[in-house]
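Here is what each chain is made of, one letter per residue.
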Amino acid sequence: MAPAPPTHVFFVSTSLFIFLFHYFITTAHSASSPSSPQALNTNTDYMINPKLPPRALTSSKKFEGSSNLVNLRYHMGPVLTSSPINLYLIWYGLWAPSQKLLIKDFLLSLSPSTPATPSPSVSDWWRTLSLYTDQTGANVSRTVLVAGEYSDLRHSHGTQLTRLSIQQVISTAVKSAPFPVDHRNGAFLVLTSQDVVVQDFCRAVCGFHYFTFPSMVGYTLPYAWVGNSAKQCPEVCAYPFALPAYMAGGGPGALAPPNRDVGVDGMISVIGHELAELSTNPLVNAWYAGEDPTAPTEIGDLCEGLYGTGGGGGYIGQVMRDQGGRTYNMNGRNGRRFLVQWIWSPVLQACAGPNALD
Ligand SMILES: *[C@@H]1O[C@H](CO)[C@@H](O)[C@H](O)[C@H]1NC(C)=O
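All values reported here derive from a predicted model rather than from experimental measurement.

How each quantity is defined
Residues numbered from 1 in each chain as written. Predicted model: local features only at pLDDT ≥ 70, side-chain atom pairs only at ≥ 80, totals over all residues. Helix = DSSP H or I, 4+ residues; strand = E, 2+ residues; numbered from the N terminus. Contact = placed C-beta atoms within 7 Å. Pairing = 2+ DSSP bridges. Near = placed C-beta within 6 Å. Nonpolar A, V, L, I, M, F, W, Y, C, P; charged D, E, K, R; others polar. Axes fitted to C-alpha atoms, helices over the stretch in contact; angles between N-to-C directions. Parallel < 35°, antiparallel > 145°, perpendicular 65-115°, else oblique. Left-handed = near helix turned anticlockwise from the far one by under 90°. pLDDT = per-residue confidence, 0-100. Buried ≥ 20, exposed ≤ 12 C-beta atoms within 10 Å, placed from the backbone. Core = buried A, V, L, I, M, F, W, Y, C linked by C-beta atoms within 7 Å. Expected span 1.5 Å × (residues − 1). Arc of directions from axis to C-beta.

**Student:** Would you take a moment to explain the overall build of the chain for this structure?
**Tutor:** Assigned secondary structure in the chain consists of seven helices and 16 strands. Of all intrachain contacts in the chain linking residues separated by at least 6 positions in sequence, the fraction that spans at least 24 positions is 75%.

As structure tokens, this is what we get:
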């Protein structure tokens, strides 16, 4: 009865191994001086290097004793090549309209647009995903749509969810909402509000992705879950917009979120991380590193905590600061700005993001 544990995708801890790895791959181009602001794409915003360490460097034992560096490999399964990728959003609990708009603006910024969003853009970030292929040579789609939405305002499965009950939430939404059975292009994104406790949330994960079981939902489709950590653990899941207590004194302090919402701005990067992994490893048999398919290290995990050039070796990297002091590293639609972690590029064999300085 017990299903396999959902893949554990946004780990709260990053291993020392990865820490050192980033250090080595980034030292080569980390010479830019953090104290001299560099104009990037506008005259008013400046590059900053906030001297914040990546989110967590403790307890993961995953890479201990590993002798090879990153062995990201393709395991012959499908990736999301059908275009567009149709996202079906499930808002679980109470969400402010402004929060929904913010998240949807991010999701709708993933696709290329006309006219193009100023660089560095969210769609430039997603372009790295299209470098991943399946065994037929088909690339991951560059286009992502919000194809349907359902609001579960009454917490139909309570405010304490297990990993498995996320699938019950999806099942309820599928029965209640006019979601088509979208075998070819569909994926679910479940977003839980700040009052919802989810198994392993804060302690081990900020989000995860997996696929639905026919016995629970009626068919198999990839899904991702991300929670709003604002009340429960912003210092873990909305880092660096909130800092753990031990870092509060003396350092640079928490960074101001680009859209003034610590919890939701923090979710954006986790959503990006999960969608990147969901599209390249939707059935957990395509792109991942490590020998253990029940605990794969995926393309977001490899770059967790890294947001700009010179990141790693203890820092999140060079990002931008606007006139209001808010921190971001990419532009989206409607003039939005977001701070999103980098992802692994199979071409560069390194973490990549649109705000790279080289
Ligand atoms: C598809 O992926 C291959 C392999 O990474 C890459 O060389 C090619 O540019 C990609 N094509 C598109 C349209 O992104």
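**Student:** Can you walk me through the sheet that holds strand S11 (residues 319-321) in this structure?
**Tutor:** Backbone-to-backbone hydrogen bonds pair the strands of a sheet. The strands run either parallel or antiparallel. Taken together, the three strands give an open sheet; going across it, the order is S1-S11-S12, and neighbouring strands pair in antiparallel fashion. Lying at the two open borders of the sheet, with one neighbouring strand each, are strand S1 (46-48) and strand S12 (327-328). When S1 meets S11, the two strands line up antiparallel, connected through three bridges. Bridge pairing links Ile 48 to Val 319 in S11.

**Student:** What is the right way to read the site of the ligand from this model?
**Tutor:** Taken together, Ser 130, Leu 131, Thr 133, Asn 139, Pro 346 and Val 347 make up all the residues around the ligand. Per-class residue counts for the shell around the ligand are three nonpolar, three polar and no charged.

**Student:** How do you make sense of the packing of helix H2 (residues 97-108) against helix H7 (residues 262-280) when you look at a structure like this?
**Tutor:** In a packed pair of helices, the relevant descriptors are the angle between the two axes and the axis-to-axis distance. Closest axis-to-axis distance for the H2/H7 pair is 10 Å, and the angle between their directions is 30 degrees. Relative to H7, the element H2 lies roughly parallel. H2 and H7 meet at a crossing whose hand is right-handed. Residues Gln 99, Leu 102, Ile 103 and Phe 106 of H2 pack against Val 264, Ile 268 and Ile 271 of H7. Of the residues that constitute the contact of H2 with H7, the class distribution is six nonpolar, one polar and no charged.

**Student:** Teacher, can you tell me more about the confidence of the model for the chain here?
**Tutor:** Detailed reading of the predicted model is not advised wherever pLDDT is low. Chain-level statistics for the chain give a pLDDT mean of 86 and a share of 83% at 70 or above. The low-confidence segment residues 1-9, where pLDDT is below 50, has 25 contacts with residues more than four positions distant or belonging to other chains.

**Student:** I would appreciate a short explanation of the environment of Pro 354 in the present structure.
**Tutor:** With respect to the helices, strands and loops of the structure, Pro 354 is situated in the segment after strand S16 (350-352). Pro 354 sits in the partly exposed class, given 19 other C-beta atoms within 10 Å. In this structure, Pro 354 is in contact with Ser 119, Pro 120, Ser 121, Asp 124, Trp 125 and Met 330, ignoring residues within four places of it in sequence.

**Student:** I tried to follow the sheet that holds strand S6 (residues 186-192) on my own but got confused; where do I start?
**Tutor:** The five strands lie next to each other as S4-S3-S6-S9-S8, forming an open sheet whose pairing is mixed. Among the strands making up the open sheet, the edge pair consists of strand S4 (144-152) and strand S8 (207-211). On average, adjacent strands in this sheet sit at an angle of 20 degrees to one another, irrespective of strand direction. This element, helix H4 (residues 165-176), spans strand S3 (85-92), S4, S6 and strand S9 (222-227) of the sheet and lies at about 95 degrees to S4. Across the sheet, H7 touches S3, S6, S8 and S9, and the angle it forms with S9 is around 165 degrees.

**Student:** Can you help me understand the nonpolar core in this one?
**Tutor:** Nonpolar side chains tend toward joint burial in soluble globular proteins. Ile 90, Ile 170, Phe 188, Val 190, Leu 191 and Tyr 223 are the most contacted members of the largest nonpolar core, which has 93 residues in total. Beyond its immediate stretch of four places on either side in the chain, Val 190 contacts Ile 90, Tyr 92, Ile 166, Val 169, Ile 170, Tyr 223 and Trp 225.

**Student:** I'm lost on H4 in this one. Help?
**Tutor:** Since the α-helix advances by 3.6 residues per turn, residues separated by three or four positions end up pointing in the same direction. Helix length check: H4, at twelve residues, gives a terminal C-alpha distance of 16 Å against a target of 16 Å (1.5 Å per residue), a fit within 8%. Those residues of H4 not exposed but buried are Ile 166, Gln 167, Val 169, Ile 170, Ala 173 and Val 174. Viewed along the axis of H4, the buried residues span an arc of 150 degrees, placing them on a single side of the element. Contacts made by the buried residues of H4 are with S3, S4, strand S5 (160-161), S6, helix H5 (214-217) and S9.

**Student:** Explanation requested: H7 in the structure shown.
**Tutor:** In this model, H7 (19 residues) spans 28 Å end to end at C-alpha, consistent with the 27 Å of a helix rising 1.5 Å per residue. Most of H7 sits out of view: 19 of its 19 residues are buried.

**Student:** Is there a simple way to explain the pairing of S6 in this structure?
**Tutor:** Among the seven residues in S6, seven count as buried, and that is most of the element. Of the two faces of S6, the one holding Gly 186, Phe 188, Val 190 and Thr 192 and the one holding Ala 187, Leu 189 and Leu 191 are both buried throughout. Pairing between S6 and S9: five bridges, direction parallel. Across the sheet, Leu 191 pairs through a bridge with Val 226, a residue of S9.

**Student:** Help me understand the environment of His 157, please; the structure alone is not making it clear to me.
**Tutor:** As for its placement among the helices and strands, His 157 is situated in the loop between S4 and S5. Residue His 157 is classed as partly exposed on the basis of its 18 C-beta neighbours within 10 Å. On a C-alpha basis, the gap between His 157 and Tyr 92 in space is 9.4 Å, while along the polypeptide they are 65 residues apart. Discounting residues that sit within four places of it in the chain, His 157 has contacts with Ser 165, Gln 168 and Val 169.

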